[in-house]
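Listed below, chain by chain, are the residues.
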Amino acid sequence: MGAGRLGAPMERHWGVAATSASSGREPAPGGADGRRREPLRRRANSASAPAVGASASAEGVRRDRPGSYSGATSASRQRVESLRKKRPHVQEVWELWDHSASWQCRGMSWIFEELLLALTSLSFLFPLRLPMLKSFFPWFGLDIGGTLVKLVYFEPKDITAEEEEEEVESLKSIRKYLTSNVAYGSTGIRDVHLELKDLTLCGRKGNLHFIRFPTHDMPAFIQMGRDKNFSSLHTVFCATGGGAYKFEQDFLTIGDLQLCKLDELDCLIKGILYIDSVGFNGRSQCYYFENPADSEKCQKLPFDLRNPYPLLLVNIGSGVSILAVYSKDNYKRVTGTSLGGGTFFGLCCLLTGCTTFEEALEMASRGDSTKVDKLVRDIYGGDYERFGLPGWAVASSFGNMMSKEKREAVSKEDLARATLITITNNIGSIARMCALNENINQVVFVGNFLRINTIAMRLLAYALDYWSKGQLKALFSEHEGYFGAVGALLELLKIP
Amino acid sequence: MAECGASGSGSSGDSLDKSITLPPDEIFRNLENAKRFAIDIGGSLTKLAYYSTVQHKVAKVRSFDHSDKKFDELLHLASRGQHANVDTLVQDIYGGAHQTLGLSGNLIASSFGKSATADTEFSKEDLAKSLLHMISNDIGQLACLYAKLHCLDRVYFGGFFIRGHPVTMRTITYSINFFSKGEVQALFLRHEGYLGAIGAFLKGAEQDNPNQYSWEENYAGSSGLMSSSPELCPTQRARSGAFDLLEMDRLERPLVNLPLLLDPSSYVPDTVDLTDDALARKYWLTCFEEALDGVVKRAVASQPGSVDAAERAEKFRQKYWNKLQTLRHQPFAYGALTVRSLLDTREHCLNEFNFPDPYSKVKQKDNGVALKCFQRVIHSLDALGWEERQLALVKGLLAGNVFDWGAKAVSDVLESDPQFGFEEAKRKLQERPWLVDSYSKWLQRLKGPPHKCALIFADNSGVDVILGVFPFVRELLSRGTEVILACNSGPALNDVTYSESLIVAERIAAMDPVVRAALREGRLLLVQTGSSSPCLDLSRLDEGLAVLVRERGADLVVIEGMGRAVHTNYHAALRCESLKLAVIKNSWLAERLGGRLFSVIFKYEVPAE
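With an unreviewed UniProt entry as reference, chain B is termed 4'-phosphopantetheine phosphatase, source organism Physeter macrocephalus. According to the UniProt record, the Catalytic activity (unreviewed entry) comment for chain B reads "(R)-4'-phospho-S-sulfopantetheine + H2O = (R)-S-sulfopantetheine + phosphate". For chain B, the Subunit (unreviewed entry) comment in UniProt is given as "Homodimer. Interacts with PKM."

Going by an unreviewed UniProt entry, chain A carries the name pantothenate kinase and comes from Physeter macrocephalus. In the Catalytic activity (unreviewed entry) part of its UniProt record, chain A is described as follows: "(R)-pantothenate + ATP = (R)-4'-phosphopantothenate + ADP + H(+)". According to the UniProt record, the Pathway (unreviewed entry) comment for chain A reads "Cofactor biosynthesis; coenzyme A biosynthesis; CoA from (R)-pantothenate: step 1/5."

This is how it looks when you write it as structure tokens:
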């Protein structure tokens, strides 16, 4: 999976949307890069050039966030006036400005611009309530994890004709590109089924889209940002996850984009609480399994997380973090384990030669872990009754693989299944111990390990219920892996 | 998990479908004589413990299993690997920024995380290391969670996974420290894999004679912890074969706690842990090495009629020397290393080569000489005023204690100058104030009401017990205090044994009416400690002694001698008054304690109300 794979085809999509006139002539991806970059960059530059068309450049300036007022330095009072006419909520702020500060600075309108920009930058640090800030599209939230990048994008559906008219081309093209495709490049995917429709965010109505791609394609993503001149529209990306730190410098030097780095656990909690509050297009966001062990009677049922606290939140990404959440802003990280989704997938790759998570899960669904694992009954011939250990319980994960004959008798599918069961059981038992230690009985499992992973979810549900004798409830959430990204988006919009 | 008395080829689990082929090893040949054995059929290994009445010892052995060798290979492989090539570390996700976050970049974020994202081939070594880390960390974490849930701060790890491998133990320890933030301690056991088999054996043995005896490890027969690292000592591992040995002596009497221990669960007999204290360890190992010649000489001399005494003594020298060398390289090879364990190992090795009591003749002679002086000593004591007498008694106790063949400084003098007398010893003693001196407090106490009953642990034969302890006992008896005099069950150095103490008491009784009356009236009782060590473990004492202590309501414990009051029990907390006396007959130790050779320890303690 070369880092270029995502970038190159994405180029083409962007190209189609952004340069509609030339799209028909766009050659195959790859070789055309250099050529295409030229007109794009020129236009991008022109957007921030003070001499060019008032409305377009004003848009460019207005959308600027801290760190990039290179394009804003020479904006004029005139442009601001014109803006005021077009955007009523911007006016509020400007009226405020008129009352408070304008008398000092009349005739030095460019300083106004500077000050305003400085203020907007501060809004990241202090919750300044400037409604206008919230309208700087595009609205992204980014979560750069160890394996996957999760991107949430808010698509405004209440764009007025006027707005549409003044929307810069590149912004429009992003919107169209993201919303009209379900796959980006060979590895980027939009989870259409997760889309949240008719959401109201900061007074704007629209749809929330959920997109993911592998973290190793991050360089291509940044390169694309540079090529498309993201910096001209929206210079601060709210990003969380370890990658927000790791790629910060690349974003800045290659993409001219400043990342607003956010703590991943803060974002996770914000995200999950918010998403749970808006539901899932009229359905419940949170669910649990009834009869998880019985494949016929097993039912996925909605769960009302009305009283969420205290809550044990188990986030299973590449690794696992376990948080005890006591209120909206009181939580602690109880522990974590390095045996997570990355371990499952990594071991599966080694053991079965599979190349994708989907493939690993598909194999696991067809395998039988009891051929691989040594069960209590394999050692005892039945239950170990005295300590309540049923014969079916796993005594030693992969324990049968010590024997040559048994090794020869197992399939790759069996190994995949055993890996899945091993990792899941381990997470389940650590989560159970944490729940007991913290005295919490609701355990919410999230993270992309659980994506399309019913086996793991049902096993977690069953194991938690069985070993806690019904005391603990395993809960799951539809948008399992996206909460960090949602949290980052909320931070951008300063939604508490 | 264990069956008792199952045959070696029997099996209940279907996973063990082959009969066990016993390798042609001497250890298994003993099995033919075995009266009883226990077998633990585990998931991957079968462990065996047996008891052979011929030797009165228990040996436990491990069966051969081909998967076993592979396991060692795997660990060997792991010790050469780099897990960071396979695992996703925090720094892989956070880049260089982990420092600013206060995270250690070397933490594993996702085990085997890299094996999913790269097309590279991974080396077996790296994969094995990563796997080892993953499993060890996970075990450590789960153990911590359970420890926390049950409010425990120590975790003992057993089972064959550990196998004495330092990589495994280190990773588990690291994991425990990490997850518990240092609050939980990881502890390992020398015979970690055999606990089930040993337990099954003991359980079976109990069915015959419940609580009729105790077991004690025999350091001479037991194997130490296997080599510390496969790279360091591959030959050691190969030579010692594939079995461990735990030899236990069956003591024909049950051992229990001294009822007067303040907190039996926290009582540790040993004063210094030589595993921790490298300086002291170095000194004591050298000290025991240097003393070895003298011990060998003494052993040969003790059996003048024996033709092979010299040969056996030489074998003893080799064995003990080797043990000392093992301990130099691996101080924890036999568990916590202490002066006591070094002394006990020497006694066990002497026994092994049939030198059960090298000092028997010396002790007899010393006793004879001392008994002759007894009446004279008593007369001069009786001539003193009360206060002078108390000090003279204590000085006598201390002076007697100088007569100790266990201490090299003294045995040299005794060898070269047999006329070294009691008075000479008194002159050698440090003048007051002593190194540790609570004599005034003790004197003050003696002015008060008499103790109800004193328990006295005697040390050496000869001058010590006859001219030091008995006059002191006599004084206590005259005050109306009952006395329990406890002596070792078996011989150790020149320490007085229970049987010897009976003879001595009889001889004294013949001379002294006070002792005679007390013996007759049961106010002076002689008991055995249950031990054959020059040191004293108050948590393993003869049950008869414990019963007596309880019955008589002992309210004073007197512990005498370096081995019992300094190397062990110096910090022992009791529920009653205690007197710990010793003369430091070792210049290094004296210096370490801030004194000189023949410094005096007089530690009188009264428990806090």
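After presenting the structure, the write-up continues.
Chemist: Which parts of the structure should I look at to understand the domain arrangement of chain B?
Modeler: Frequently, the measure chosen for interface size is the accessible area removed from exposure when the parts meet. Residues and elements named next belong to chain B. Its domain assignment divides chain B into domain 1 (4-86 + 122-208), domain 2 (268-352) and domain 3 (370-605). Taken over C-alpha atoms, the centre of domain 2 sits 26 Å from the centre of domain 3. Each side of the interface is counted separately: domain 2 has 18 residues, and domain 3 has 22 residues. When domain 2 packs against domain 3, the two sides together hide about 1,700 Å² of surface, and 57% of this comes from carbon and sulfur. In terms of surface lost to domain 3, no three residues of domain 2 exceed Pro 269, Thr 271 and Glu 347, which account for 30% of the buried area on that side. Taken together, the connections running from domain 2 to domain 3 amount to two salt bridges. Among the salt bridges present, the one from Arg 340 reaches Asp 537, with a minimum N-O distance of 3.7 Å.

Chemist: Just checking my understanding: could you explain the sheet that holds strand 13 (residues 453-457) of chain B for this structure?
Modeler: Adjacent strands of a sheet form backbone hydrogen bonds with each other and so pair up, either parallel or antiparallel. Residues and elements named next belong to chain B. Strand order in the open sheet made by the seven strands is 12-19-18-17-13-14-15, with mixed pairing throughout. Strands at the two margins of the open sheet, each flanked by one partner only, are strand 12 (436-437) and strand 15 (524-528). Taken together, the four bridges between strand 13 and strand 17 (residues 556-560) define a ladder with parallel strand orientation. Across the sheet, the residue bridging to Leu 455 is Val 557, located in strand 17.

Chemist: I keep staring at the environment of B:Arg250 and nothing clicks. Help me out?
Modeler: Among the secondary structure elements, B:Arg250 is positioned in strand 10 (residues 248-251). In this structure, the C-alpha to C-alpha distance between B:Arg250 and B:Asn218, residues 32 residues apart in sequence, is 9.6 Å.

Chemist: Sorry if this is basic, but what is going on with the domain arrangement of chain A here?
Modeler: Residue and element names in this part refer to chain A. The domains assigned to chain A are domain 1 (139-279 + 485-493), domain 2 (286-368 + 411-477) and domain 3 (373-409). One C-alpha centre belongs to domain 2, the other to domain 3, and the line joining them spans 22 Å. Between domain 2 and domain 3, the contact holds eleven residues from the first and eleven residues from the second. Here domain 2 and domain 3 share an interface that buries about 680 Å² over both sides, 71% of which is from carbon and sulfur atoms. Looking at the side of domain 2 facing domain 3, the largest losses of area belong to Thr 422, Tyr 466 and Trp 467, adding up to 48% of the total buried there. Joining domain 2 to domain 3, the criterion identifies zero salt bridges. Where domain 2 touches domain 3, the interface holds zero residue pairs in polar contact (both at pLDDT 80 or more). Put simply, the parts of the chain that give the side of domain 2 that touches domain 3 at least two residues each are helix 18 (412-438) and helix 19 (454-467).

Thresholds applied
- Residues numbered from 1 in each chain as written.
- Chains lettered and ligands numbered in written order.
- Predicted model: local features only at pLDDT ≥ 70, side-chain atom pairs only at ≥ 80, totals over all residues.
- Heavy atoms only, no water.
- UniProt positions renumbered as here; feature names shortened; annotations may be inferred.
- Domains from an automatic or database assignment.
- Contact = heavy atoms within 4.5 Å.
- Buried area = accessible area lost by both parts, 1.4 Å probe.
- Salt bridge = Lys/Arg side-chain N within 4 Å of Asp/Glu carboxyl O.
- Pairing = 2+ DSSP bridges.
- Helix = DSSP H or I, 4+ residues; strand = E, 2+ residues; numbered from the N terminus.
- Polar contact = N/O pair within 3.5 Å; in protein donor to acceptor, adjacent residues only side chain to side chain.

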